[in-house]
Structure formats: structure tokens, C-alpha cells
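# Topology and contacts: notes
The residues making up each chain are set out below.
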Amino acid sequence: DSGVTQTPKHLITATGQRVTLRCSPRSGDLSVYWYQQSLDQGLQFLIQYYNGEERAKGNILERFSAQQFPDLHSELNLSSLELGDSALYFCASSFGVDGGGGELFFGEGSRLTVL
Amino acid sequence: GENVEQHPSTLSVQEGDSAVIKCTYSDSASNYFPWYKQELGKGPQLIIDIRSNVGEKKDQRIAVTLNKTAKHFSLHITETQPEDSAVYFCAASGSRARGGNKLTFGTGTQLKVEL
């Protein structure tokens, strides 16, 4: 158990809908990262928050947004969903702002299926 | 941005044999290279990492080598066991804006250790 909690574990929705994925980082970790994992793309970095502020951004679509709350949990909002958004979405956390200097702890992921 | 290529995509070995997974990266400024193992239904978990000031690092049956000149790093697993069967991801930390982290992952290698 990594200590990172993600909900829901599975989500099935229709095209055009909006969903929210939730992540609680490991106790004491200040950084939260979101990754998208699809079969042909591997792990794609979406965005990083550190102590409530956005710190790094990857190839996150404009239809997607995220935030980190004062209690350090994070939410990833996906809107106007398309079939291609079907994927496993991982949240990871680390203590520092620079994950390049240490381990990322990953949750077990939220599997999104868009029909 | 950083681009990480990983080979092979699948690797099958006999129990007790060695396994080697290779990665190349594009950003010469990258200085942190972790390897993650992802078991079925789980999130990735760090197994070993190496920094640019080190050429090789070992941890029991696992070793990683880094050639900064060639922008190449490899994972070596000796005396493979069935529990080594998983997907392995290499990663590299690219340029960091505002102190954030943009860890870029390879596309993964499905390792199967056969009895």
C-alpha cells in the first residue's frame, strides 16, 4: 500500500459528460501529480501541484483541469469526454516540489471508460 | 521537451536468466533516472533510481547503468524469478520550471519470467 488513495476505482460514463477523479496523497506529502495511462501511450504526465499551487504542466487537454485543496487532496476534472479519454488515471505524491529528486508514490488508479 | 524511448516492449525469459531493458532520452539536462515496476492492477512502484553523477547502481538482483554521453540507461535483473513478471517503466526528469517536476516515462516493457 503506497498510502495514496484514489476514488473512484472504476467509472463508466458517456461521451460529452463530465467526471471528477479524487486523490488523497500520502500523509505529509505536499506534491500531487496526475498521469494518464493508455495502452498505446504509456504513462503521460498531466499536471503537478505543490501545496496548492500548480508547479508543472504536461500535455493536459484544455477540457481537463485540476486543483489541490488546502487539505492537500486533489481533484482532476475531465469534461466534454470523448472515447479517446478512456484510460487509467494515476495520482502520485511526493514530499518535495521536485519529484526529480526522489520517489513518487502512486495510487492504484481510476479506470475511466467512456462509451 | 523530454522524450524517452524504451525497448523491448515485451521480454520473455526463463527463470534464473537475466533480463535487460534499455532506454534512451533526449534532454541532455535530465539528471534523474528512476525505474518503476507495475504489477497487474497496481500503480507503478519505484524499484531503483540513478542520478547523472553515477554510472552504475546495484540493489541485490537489480542494477542500473547510465551513459550520459550516449543518453542511454539500462535496467539489469539477474537470477529472474516469477515474481519479477510485471511491466517496467524507465523515466527521466526533464527541465523543471518553477521548481516543478516533469518526469517523463518510457512506454513500458512487459517482462514475463517463465518457469
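Above this note sits the structure.
Described in the following lines is the structure provided in the data block. For clarity, every value in this text was computed on a predicted model and none was experimentally measured.

What follows covers the state of the cysteines. One way to say it: the disulfide is the covalent bond shared by the sulfur atoms of two cysteines. All names here are of chain B. For the structure shown, the criterion picks out two disulfides over all chains. Here cysteine 23 engages in a disulfide with cysteine 90; their sulfurs sit 1.9 Å apart. Given an S-S torsion of about -100°, the disulfide between cysteine 23 and cysteine 90 has left-handed geometry. Highlighted residues: cysteine 23 in strand S3 (residues 19–25) and cysteine 90 in strand S9 (residues 86–93), separated in sequence by 67 residues. Given a relative accessible area of 1%, cysteine 23 falls into the buried group. For cysteine 90, a relative accessible area of 0% corresponds to the buried category.

Evaluated as defined, the whole model comprises 13 aromatic pairs over all chains. With a centroid separation of 5.6 Å and an interplanar angle of 65°, the aromatic rings of Trp35(B) and Phe73(B) are classed as edge-to-face. With Trp35(B) in strand S4 (residues 32–38) and Phe73(B) in strand S8 (residues 72–77), this pair connects stretches of sequence that are 38 residues apart. Both residues of the pair, Trp35(B) and Phe73(B), belong to the buried class. These aromatic residues form a ring-pair network of at least three members: Tyr35(A), Phe45(A), Phe90(A), Phe106(A), Tyr36(B), Phe89(B) and Phe105(B).

Parameters at a glance
- Residues numbered from 1 in each chain as written.
- Chains lettered and ligands numbered in written order.
- Predicted model: local features only at pLDDT ≥ 70, side-chain atom pairs only at ≥ 80, totals over all residues.
- Heavy atoms only, no water.
- Disulfide = S-S within 2.5 Å.
- Helix = DSSP H or I, 4+ residues; strand = E, 2+ residues; numbered from the N terminus.
- Buried < 20%, exposed > 50% of the residue type's maximum accessible area, 1.4 Å probe, protein only.
- Phe/Tyr/Trp six-rings, centres within 6.5 Å; stacked < 30°, edge-to-face > 60°.

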